[in-house]
Amino acid sequence: MDDIAPGIRIRPGDRADAPAVLELLDAAVAWMNARGNTQQWGTTPYSRKPGGVARVERYLSENSPWIAELGGTPAGALVLDSGPSPQLPIGPADEPERYVRLLVSDRRHAGLGIGAALLDHAAGETLRAGARLLRVDCWAGGGGELVAFYERSGFTLTERFLHGDWPGAVLARRMG
């Protein structure tokens, strides 16, 4: 467990965290939609998407989940894997890597650095796993705000892709 930023504690997650992660995801969809962003994650709450609950439960039981808590309450989640989703047109790296499969934070606490703290934790986990490459893919639409967030967090844009009509980007962060 890490106390990375004041008041933020990061702990390992597990399947019991599924309701909290689904709540974070549902709130993120509502927040994006309220700002006119309906393309990134759609308009259906994540917990009501076909396969959404099962996907979150799988992430929390088959990967490396981490929960950021603020005052003992989940305020963010990160899931690390050994590579990108096979459903996306992203090739594996030619070296050991850790891959951010999910990053979500509670928008009620925007500006406190929860997402950045989770990404810094992921960088440490990458090194502990003996890898030096951390990658993530994200929505690259809108004004590019999400890509810019990852760039501010030490990532470099390495490629762009389309998944249907969904514009995506892959970013990498090297350690050591």
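So, a few notes on the structure that sits alongside this text. None of the values given here were measured: they were computed from a predicted structure. (Residues numbered from 1 in each chain as written. Predicted model: local features only at pLDDT ≥ 70, side-chain atom pairs only at ≥ 80, totals over all residues. Heavy atoms only, no water.)

Topic: the environment of Arg132
Consideration 1: Structurally, Arg132 is set in the loop between helix 3 (114-128) and strand 6 (133-139).
Consideration 2: Remark: the alpha-carbon pair of Arg132 and Gly91, spanning 41 residues in sequence, is separated by 17 Å.
Consideration 3: Once you skip the residues sitting within four places of it in the chain, Arg132 turns out to touch Pro96, Thr126, Leu127, Arg173, Arg174, Met175 and Gly176. (Helix = DSSP H or I, 4+ residues; strand = E, 2+ residues; numbered from the N terminus. Contact = heavy atoms within 4.5 Å.)

A few points about the pattern of salt bridges
Consideration 1: If you walk through the whole model with that rule in mind, you get 10 salt bridges.
Consideration 2: Salt-bridge contacts for Glu95 lead to Arg174; the nearest nitrogen and oxygen are separated by 2.5 Å. Of this pair, Glu95 sits in the loop between strand 4 (73-81) and strand 5 (97-105) while Arg174 sits in strand 8 (residues 166-174), placing them 79 residues apart in sequence.
Consideration 3: Judged by its relative accessible area of 26%, Glu95 falls in the partly exposed class. (Salt bridge = Lys/Arg side-chain N within 4 Å of Asp/Glu carboxyl O. Buried < 20%, exposed > 50% of the residue type's maximum accessible area, 1.4 Å probe, protein only.)

Side note on the layout of surface pockets
Consideration 1: There is about 160 Å³ of room inside the second largest pocket.
Consideration 2: For the second largest pocket, the full set of lining residues is Ala20, Glu23, Leu24, Ala27, Trp31, Thr73, Pro74, Asp106, Arg107 and Arg108.
Consideration 3: The set of elements that each furnish at least two residues to the lining of the second largest pocket consists of helix 1 (18-34) and strand 4.
Consideration 4: For the lining of the second largest pocket, the leading source of residues is helix 1, giving 5 residues.
Consideration 5: Its residues placed into classes, the lining of the second largest pocket shows 5 nonpolar, 1 polar and 4 charged. (1 Å grid on protein atoms, 1.4 Å probe; cavity = no way out; pocket = protein on both sides within 12 Å on 5 of 7 lines; lining within 4 Å. Points joined across faces, edges and corners; volume = space filled by probe spheres on them. Nonpolar A, V, L, I, M, F, W, Y, C, P; charged D, E, K, R; others polar.)

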